[in-house]
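So the chains spell out like this:
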Amino acid sequence: MRADSRSKLLRLALGAADAAFRGQCEDAEAALQRCESFGQHDAELTAAIRLARAQLAMSRSRFDAARIDARAAAVSLARLGRRQEAVRAQEIEARIFWKLGENARAQTLFQKLLVHWERWGEGKARIDGEVRCLTHLTSLHSRAQRYEQAIVTGTRAVLLAKKSSDLPFYFPKAANALAGVHFRRACQSHPDNALATHITALGPTASTQVLSHCRSARALMDEVRQIAIASNNRHQAALYGSNIGQLMVLMNEINAALPLMLEFLMSARERNDKFQEADALQAIGWAHLCASRHQTALRHIKEAIAIAESLDAKPLLVTLHYDYAVAAEKTGDYKIALLHHRAYTRLWQQLSAEKQAQQETVANDAEPFYLKRAERYIELCIPHPPSTADVARHVGVSVRSLQVAFQRYRSTTPKSFILNLRYQAVHAALENDRGSGAVARACVEFGFEYSSHFVREFKRRFGKTPSMASRPDASKAD
């Protein structure tokens, strides 16, 4: 084979590997067909072809075939002194570990490969290699809830991606990974983070920490969206816009968020992508729910449920039934709310059992809508507390269901929750009434007998006796 022909074929094989990495599988396949007939007696070309095959198999989720070809290519390329291509081959195995959830193995290998790129990489290949490794490490730190490490790693990936000669390809990946970390931190920091199994279980908040992470994620998504617009990728721009819209809902910019969400809905319908259509409808329903437009929210969520049922999309149906229960409760339709919450619970249990069978991590289920309703009812009834049966009757569930909900999500019983609120109310009343006979008045108002047991329990809870709490100089004494 002539040297110039061999050089062209080698570039073609390596180009096929890059095309496969970018998901351009048909182009990669065509290039490989041209190379393979000449590669049988050339070790370097054969190794490059195996690298391309490995990338192609990886893109098609044929992980066993990808691993075999990647390992063979890595050994051959390293032996031939082509270190950068050898590291690319090793990256494939790291990505397989990442895809399969073998996080510890993936992290160890990506960290090792990052060092290789830093030592041996040159020019564009070095920058792109570092970005790829750092982006995956960001994702792995986030999976393990090492958020501060993830932010440091992700920020480094984003800054490097901006130096890449292929910025439109690498920057969105790095920015998405870092935005995802800020998004998770926003949800984790949310006052209702017990509900954070899905974003639509949350609502607008004034929490400075949540808003800070939302702003960081939004700035990244804005940059990525502008790249998609510049590339004339309307659907990708709409998708990023919808993500920005969800952040804006948490930031209480609901009316400004809705046009972005509607744009994504229209794009999904144009592409006849039913799953994305249902996803968009759920987000729009959530935005209307947060704006107290409950009937509009129900209409959108109901439409999303119908699509998700036609697709048998159980993970999406789980969150949709939960959201519908919350929206129905807001309209006062407690019977329908309970019906959808039971559907949510049933589907969540099914999916959890499947994940446990596959040894996957199971997320906590979101607390039932009637728990918050029960808490509000109890608070309104103080100083004349209802019985557990009264509360259960008010929210439309059995006493046992109410007891289970309080135990699971509040680590207490309804009776103890009511008692705790009563003691807090007495404490607040005594701090506001420092006059003579304040303790006796508070006991009468909140239904306590002024006894040694009451005094002991009050002191156990607040570190001072009722009479100390009612003294004018109580704050100094404490």
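Since we're looking at a predicted model, the values are computed, not measured.

A. Layout of the overall build of the protein. For the protein, the helix and strand inventory stands at 24 helices and zero strands. Its C-alpha atoms give the protein a radius of gyration of 29 Å, more than 25% over the compact-globule value 23 Å for 478 residues. Judged by the C-alpha coordinates and their principal axes, the protein covers about 105 × 50 × 40 Å. Burial status across the protein gives 50% buried among its 478 residues. Taking all contacts inside the protein whose residues are at least 6 apart in sequence as the whole, residues at least 24 apart take part in 59%. With an accessible surface of roughly 23,600 Å², the protein has 50% of that area assigned to carbon and sulfur atoms.

B. Representation of the environment of Ile 227 in the model. With respect to the element layout, Ile 227 can be found in helix α10 (residues 208-230). Residue classification places Ile 227 among the buried positions, given a relative accessible area of 16%. Sequence separation between Ile 227 and Pro 172 is 55 residues; the distance between their C-alpha atoms is 8.1 Å. The residues touching Ile 227, leaving out its near neighbours within four places in the chain, are Leu 167, Pro 168 and Phe 171.

C. Up close: the side chain of His 190. Within the secondary structure layout, His 190 lies in the loop between α9 (167-189) and α10. A distance of 2.7 Å separates a polar side-chain atom of His 190 from the backbone oxygen of Gly 203. For His 190, the contacting residues outside a window of four places in its chain are Leu 202, Gly 203, Thr 205, Val 210 and Leu 250.

D. Quick look at unusual backbone geometry. A positive phi is found at Asn 272, a non-glycine position, where the angle reads about 55 degrees. As for its position among the elements, Asn 272 is in the loop between α12 (254-270) and α13 (274-290). Here Asn 272 falls in the exposed class, since its relative accessible area comes to 55%.

E. Region of the structure containing the nonpolar core. Grouped together as the largest cluster of nonpolar side chains are 118 residues, with contacts concentrated most on Met 261, Leu 402, Val 426 and Leu 430. With ten residues, the single largest contributor to this core is helix α15 (residues 314-330). In this structure Met 261 touches Ser 242, Gly 245, Gln 246, Val 249, Ala 283, Ile 284, Trp 286 and Ala 287, once residues within four positions along its chain are discounted.

F. Looking closely at the packing of α12 against α13. At a minimum axis distance of 9 Å, the contact between α12 and α13 shows a crossing angle of 165 degrees. Classed by the angle they form, the pair α12 and α13 counts as roughly antiparallel. When you trace α12 past α13, the crossing you get is left-handed. Counted together, Ile 254, Leu 258, Met 261, Leu 262, Phe 264, Leu 265, Ala 268 and Arg 269 of α12 and Gln 276, Glu 277, Ala 280, Leu 281, Ala 283, Ile 284, Trp 286, Ala 287, His 288 and Cys 290 of α13 form the full contact between these two elements.

G. How the structure looks around the environment of Thr 108. Position of Thr 108 relative to the elements: it lies in helix α6 (residues 103-120). Overall, the relative accessible area of 53% leaves Thr 108 in the exposed class. With 14 residues separating them along the chain, Thr 108 and Ala 94 place their C-alpha atoms 8.6 Å apart.

H. Just the packing of helix α17 (residues 369-381) against helix α18 (residues 388-395), in detail. Where α17 contacts α18, the two axes come as close as 9 Å, and the packing angle between them is 125 degrees. As summarised for this structure, α17 and α18 are arranged oblique, according to the angle between their axes. As α17 packs across α18, the resulting crossing turns out to be right-handed. Residues Tyr 370, Arg 373, Ala 374, Tyr 377 and Ile 378 of α17 lie in contact with α18, whose contacting residues are Asp 390, Val 391, His 394 and Val 395.

I. Just helix α5 (residues 83-99), in detail. The end-to-end C-alpha distance of α5, which contains 17 residues, comes to 24 Å, matching closely the 24 Å that a straight helix rising 1.5 Å per residue would cover. Counted residue by residue, α5 has twelve buried out of 17 residues, so it is predominantly covered. Every buried residue of α5 is listed here: Glu 85, Ala 86, Val 87, Arg 88, Ala 89, Glu 91, Ile 92, Glu 93, Ala 94, Arg 95, Ile 96 and Phe 97. Phi for Gly 101, located one or two positions after α5, is positive at around 80 degrees.

J. Just the packing of aromatic side chains, in detail. The tally for this structure, following the rule as stated, stands at eleven aromatic pairs. Centroid distance Phe 406 to Phe 417: 5.2 Å. Interplanar angle 55 degrees. Geometry classified as tilted. In this pair, Phe 406 sits in helix α19 (residues 399-410) while Phe 417 sits in helix α20 (residues 414-432), placing the two residues eleven residues apart along the sequence. With respect to class, Phe 406 is no different from Phe 417; both count as buried. A centroid spacing of 5.8 Å and a plane angle of 15 degrees characterise the contact between Tyr 423 and Phe 454, whose relative ring orientation is stacked.

K. Focus on the pattern of salt bridges. Inspection of the entire model under this criterion finds 32 salt bridges. A salt bridge links Arg 234 to Glu 270, with the nearest nitrogen and oxygen atoms 3.6 Å apart. Here Arg 234, found in helix α11 (residues 234-250), pairs with Glu 270, found in helix α12; they are 36 residues apart in sequence, far enough to count as distant. On the basis of relative accessibility, which here comes to 55%, the residue Glu 270 falls in the exposed class.

L. Examining the confidence of the model for the protein more closely. Per-residue confidence for the protein gives a mean pLDDT of 89, with 94% of residues at or over 70. Predicted confidence in the protein is weakest over helix α24 (residues 474-477), with a mean pLDDT of 44, and strongest over α12, with 97. The model gives residues 474-478 a pLDDT under 50, and that stretch makes five contacts with residues more than four places away or in other chains.

M. Region of the structure containing the state of the cysteines. All chains considered together, the criterion is met by zero disulfides. Looking at the unpaired Cys 35, the closest cysteine sulfur is the one in Cys 25, lying at 16 Å. Residue classification places Cys 35 among the buried residues on the basis of a relative accessible area of 0%.

The rules we used
Residues numbered from 1 in each chain as written. Predicted model: local features only at pLDDT ≥ 70, side-chain atom pairs only at ≥ 80, totals over all residues. Heavy atoms only, no water. Helix = DSSP H or I, 4+ residues; strand = E, 2+ residues; numbered from the N terminus. Rg over C-alpha atoms; globule rule 2.2 N^0.38 Å. Buried < 20%, exposed > 50% of the residue type's maximum accessible area, 1.4 Å probe, protein only. Contact = heavy atoms within 4.5 Å. Areas by Shrake-Rupley, 256 points an atom, 1.4 Å probe, with all protein chains shown as cover. Polar contact = N/O pair within 3.5 Å; in protein donor to acceptor, adjacent residues only side chain to side chain. Core = buried A, V, L, I, M, F, W, Y, C linked by side-chain atoms within 4.5 Å. Axes fitted to C-alpha atoms, helices over the stretch in contact; angles between N-to-C directions. Parallel < 35°, antiparallel > 145°, perpendicular 65-115°, else oblique. Left-handed = near helix turned anticlockwise from the far one by under 90°. Expected span 1.5 Å × (residues − 1). Phe/Tyr/Trp six-rings, centres within 6.5 Å; stacked < 30°, edge-to-face > 60°. Salt bridge = Lys/Arg side-chain N within 4 Å of Asp/Glu carboxyl O. pLDDT = per-residue confidence, 0-100. Disulfide = S-S within 2.5 Å.

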